[in-house]
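Observations on the three-dimensional arrangement
Listed below are the residues making up each chain.
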Amino acid sequence: MKEEIREGLKIPAHIAIIMDGNGRWAKKRGMPRTFGHTQGAKVVEQILEDADHMGVKYLTVYAFSTENWSRPQTEVKALMNLLRRYMKTSLAKCAKNNVRVRVIGDKSMLDKDLRESIADLERDTASNTGIGFQIAINYGGRDEIVRAVRRAAARGLLEDPEKIDESVLDDCLDTAGIPDPDLLIRTCGEQRISNFLLWQLAYSEMYFTPKAWPEFDRDELVRAIDAYNHRERRYGGLMDK
Ligand code: FPP
C-alpha cells in the first residue's frame, strides 16, 4: 500500500540514516556486495529528493565509517569510486534542487582527487538554500569529538576551563551550525549506533526497520516519520499534562 503523508504530520527537521544491509541484500540475490552499494547510492539520491519534497531540512547519511577501511580492498575501492562519481556528477542535480552539500568526517585520509571533488561540490553548493545534505565519509563519532577538541585547542578556546561548555564543542564539530537530528533511521535489523553522530544523537528518536538499504523507499520513509509522530520527546523533562 502506498503510504501518504497524513495531514498534520510533523516532519522532522533533521533525519540521519545508517544505511545498512547493502552487502546482505546483494548476496541474497547472488550478486557481489559492491552491487548492493551501487544500488544503495541510487536509493540515497531518491530519498534525498523525497525527504526534500516532504519538507525535511537536513539529511545526514553514513556512507563510510572510520572502521570501514578494514573491509577487503576491492570493496573499499568500489565505495570510494561510488563517492567519487557522486561528487563529480551531482552538481547539476544539486543546483536544480537547491541542495547544499557538506561532507563530515576526517577528509585528510581520502585520496587527493576525492578531497578536491568534495571541496568543489561543497563550495559550489554552499549558497544553495534548500535541504542540507551531509555525507559522512571516513566518519566516526569518537574521532569527530577528538578532532573537535583539537580544533577548540587550536582556536584557543580551552585555555580557561570555566569557559568550556557544550556550545564551545558544538561549534567545533563537523556538524557546526546544523541542528541535531530529530530522527535516526537504521535499516536492515541491527539496533545500534555504530559510532555515528555520538554527540548529536543525544535526544534523537530512533527508528529501526528490517528492510535493507537498497529496498528502502519513500513509503518506508513515511512509515519512519509516522512512527516519529507517535513518540513523546521529553528531553529528560516531564510532559505538561
Ligand atoms: C552498509 O551496508 C553500507 C555501507 C558501509 C556503505 C553505504 C554507502 C552507500 C549506500 C553509497 C553511498 C553513496 C552516496 C552517494 C552517499 P553493509 O555493506 O555493511 O551491508 P551488510 O551489513 O549487509 O554487510
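Quick caveat, the model's predicted, so the values are computed rather than measured.

1. Description of the site of the ligand
Within the structure, the ligand sits among 18 residues, and Met19, Asp20, Arg24, Arg33 and Arg71 are positioned closest to it. Taking Asp20, its side chain carries an N or O atom lying 3.0 Å from an oxygen atom of the ligand. For the ligand, an oxygen atom lies 2.7 Å from a polar atom in the backbone of Arg24. Here the ligand has 630 Å² of accessible area as a free molecule, and 93% of this is covered by the chains. Elements supplying a minimum of two residues to the shell around the ligand: α1 (22–28), α2 (33–54) and α3 (73–89). In terms of residues, the shell around the ligand owes the most to one element, α2, which gives 4 residues.

2. A word on the packing of α3 against helix α5 (residues 112–125)
Packing of α3 against α5 brings their axes to within 9 Å, and their N-to-C directions diverge by 35°. Crossing handedness for the pair α3 and α5: left-handed. Residues Met80, Leu83, Arg84, Tyr86, Met87 and Lys88 of α3 form the contact with α5, whose own contacting residues are Asp113, Leu114, Ser117, Ile118 and Leu121.

3. Describing the pattern of salt bridges
Across all of its chains, the model carries 18 salt bridges by this definition. One salt bridge connects Glu75 with Arg71, and the closest N-O pair in it is separated by 2.8 Å. Judged by relative accessible area, which is 5%, Glu75 ranks as buried. For Glu116, the salt bridge is made with Lys112, and the minimal N-O distance between the two is 3.0 Å.

4. Some words on the side chain of His14
Its location among the elements puts His14 in strand β1 (residues 14–18). Only 2.7 Å separates the side chain of His14 from the side chain of Thr60, close enough to count as a polar contact. Discounting chain neighbours no more than four positions away, the residues touching His14 are Tyr58, Leu59, Thr60, Gln134, Ile178, Pro179, Asp180, Pro181, Asp182 and Leu183.

5. Details of a negative patch on the surface
A contiguous patch of negative charge on the surface is contributed by Asp165, Glu166, Asp170, Asp171 and Asp180. Looking at the element boundaries, Asp171 is found in the loop between α7 (166–170) and β5 (183–186).

6. As for the pairing of strand β4 (residues 132–139)
Among the 8 residues of β4, 8 are classified as buried, and the element is accordingly described as predominantly covered. Where strand β2 (residues 58–65) meets β4, 7 bridges bridge the pair, whose relative direction is parallel. Within β4, the residue paired with Leu59 across the bridge is Phe133. Crossover handedness for the path strand β3 (residues 100–104) to α5 to β4: left-handed.

About the thresholds
- Residues numbered from 1 in each chain as written.
- Predicted model: local features only at pLDDT ≥ 70, side-chain atom pairs only at ≥ 80, totals over all residues.
- Heavy atoms only, no water.
- Near = heavy atom within 4 Å.
- Polar contact = N/O pair within 3.5 Å; in protein donor to acceptor, adjacent residues only side chain to side chain.
- Areas by Shrake-Rupley, 256 points an atom, 1.4 Å probe, with all protein chains shown as cover.
- Helix = DSSP H or I, 4+ residues; strand = E, 2+ residues; numbered from the N terminus.
- Axes fitted to C-alpha atoms, helices over the stretch in contact; angles between N-to-C directions.
- Left-handed = near helix turned anticlockwise from the far one by under 90°.
- Contact = heavy atoms within 4.5 Å.
- Salt bridge = Lys/Arg side-chain N within 4 Å of Asp/Glu carboxyl O.
- Buried < 20%, exposed > 50% of the residue type's maximum accessible area, 1.4 Å probe, protein only.
- Patch = residues over 30% accessible without salt bridge, like charges linked within 9 Å, V, L, I, M, F, W, Y side chains within 5 Å.
- Lys, Arg positive; Asp, Glu negative; His and termini not counted.
- Charge placed at Lys NZ, Arg CZ, Asp CG, Glu CD.
- Pairing = 2+ DSSP bridges.
- Right-handed = clockwise from strand over helix to strand, strands pointing away.

The analysis is restricted to geometry; functional conclusions fall outside its scope.
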